[in-house]
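Chain by chain, the residues:
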Amino acid sequence: MRVIRAKSAGFCWGVERAIDIAREYAQKGRHPVYTDGPLIHNRQMMEVLTGEGIREVGDYSKQEKLDVAAGAGEHPVMVVRAHGISPDRRQYLKSLGMEFRDATCPDVGIIAGKVRLHAKRGFHTVIFGDAKHPEVIGLLGYTEGHGHVVASKADIDALPDLGSNVCMVSQSTMFTDEFEILGAHLKQRFPQALVFDTICGATKDRQADVVELHRQGCEAIIVIGGRHSANTVKLAKLVELQGLPCFHVETVAELDLKALQRYTVVGVTAGASTPAFLIDEVCKQLEALP
Ligand code: SF4
């Protein structure tokens, strides 16, 4: 079997940076290294990080209070993950009395900055994304109570009259095509709306690479990554939109080798939170097929 691996498959720079920051503390002997919710949406990588002393606490989506009283001899640190947090959550985490380190992806920081600036100028902010995703929850915190999350044209139609000061941003991992359609729809309702394409470069590269795998003749595409990882699920959906069979797996053990044997060329891609070792294992297994 011929296997074509997408150039962008695996960690994006924002995820890699957050992991490096947390690991740096752990390697320096700082224990525990806490993260407010999972550092990344990948179970296998989280297991590796837990073994290194990096400990996920609480469930940020629920904005829970954390139970992180330091034990004897412990010198803990709190690392904010790549998805970012709201200003209220930041204040809360800083009040815990331990070192605080922000590993929010700079691309998410840029979106938060735009939302914050426009909220201060009296704008309503429409966020295209998943209302339950930590990035969106964090961004909503910058809207000063004037934030609205939309995922469809119907959601835009259902918005109240927001006047003329309206802006729109996107969760960093959404589909570009859908954002353009919804941005245009929002402008029909609110002609003066400012629409900012805030889908990150890493997401755009991964989506473009799926189209490229199709163009290179792949008959099916394997997407590796967590089933709760937003960008991985989107990649799988994009493969299906290309009209190609999609095999979404978390690990090599889930590969349906019998079904895959009917193809001669397959593509492999992976979400931004999928570690290289999982991708290597899948590619090796596929390359061994006749
Ligand atoms: S997907 Fe984009 S915004 Fe999210 S962490 Fe990666 S580079 Fe940053």
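Refer to the preceding data block for the structure.
Read on for an overview of the structure. (Residues numbered from 1 in each chain as written. Predicted model: local features only at pLDDT ≥ 70, side-chain atom pairs only at ≥ 80, totals over all residues. Heavy atoms only, no water.)

In this section: helix 1 (residues 13-27). If you check helix 1, its first and last C-alpha atoms are 20 Å apart, about what 15 residues at 1.5 Å a residue would give, namely 21 Å. Restricting attention to buried positions, one finds in helix 1 the residues G14, V15, A18, I19, I21, A22, Y25 and A26. What you see down the axis of helix 1 is that its buried residues fit within an arc of 155 degrees, all on one side. Where helix 1 is buried, its residues touch strand 2 (33-36), helix 2 (43-51), strand 3 (54-57), strand 4 (77-80) and strand 5 (99-102). Following helix 1 by one or two positions, G29 has its phi on the positive side, about 90 degrees. (Helix = DSSP H or I, 4+ residues; strand = E, 2+ residues; numbered from the N terminus. Expected span 1.5 Å × (residues − 1). Buried < 20%, exposed > 50% of the residue type's maximum accessible area, 1.4 Å probe, protein only. Arc of directions from axis to C-beta. Contact = heavy atoms within 4.5 Å.)

Here we take up the sheet that holds strand 2. Spatially, 3-2-4-5 is the arrangement adopted by the 4 strands of the open sheet, whose pairing is parallel. Among the strands making up the open sheet, the edge pair consists of strand 3 and strand 5. Along the sheet, successive strands turn relative to each other by an average axial angle of 30 degrees, direction set aside. The pairing of strand 2 with strand 4 spans 3 bridges and is classified as parallel. (Pairing = 2+ DSSP bridges. Axes fitted to C-alpha atoms, helices over the stretch in contact; angles between N-to-C directions.)

This part is about the environment of T173. Here T173 shows up in the loop between strand 8 (166-170) and helix 7 (176-189). When its relative accessible area of 13% is taken as the criterion, T173 is described as buried. Separated by 38 residues in sequence, T173 and E135 place their C-alpha atoms 9.7 Å apart. The residues touching T173, leaving out its near neighbours within four places in the chain, are T203, Q207, A230, N231 and K234.

It is worth spelling out the packing of aromatic side chains at this point. For any pair of aromatic rings, the description consists of the separation of the ring centres together with the inter-plane angle of the planes. Here the structure, examined in full by the defined rule, presents 2 aromatic pairs. Both rings, one in F128 and one in F179, keep their centres 6.2 Å apart while their planes meet at 25 degrees; by these two values the pair is stacked. Here F128, found in strand 6 (residues 124-128), pairs with F179, found in helix 7; they are 51 residues apart in sequence, far enough to count as distant. Judged on exposure class, the residue F128 and its partner F179 are both buried. Considering the side-chain rings of F247 and Y263, the 6.3 Å spacing of their centres and the 75 degrees angle between planes classify their relative orientation as edge-to-face. Of the two residues, F247 sits in strand 11 (residues 246-249) while Y263 sits in the loop between helix 10 (257-260) and strand 12 (265-270), which places them 16 residues apart along the sequence. A single burial state applies to F247 and to Y263, both of which are buried. The positively charged end of K28 is found above the aromatic ring belonging to Y25, 5.4 Å away from the centroid. (Phe/Tyr/Trp six-rings, centres within 6.5 Å; stacked < 30°, edge-to-face > 60°. Lys NZ or Arg CZ within 6 Å of the ring centre and 35° of its normal.)

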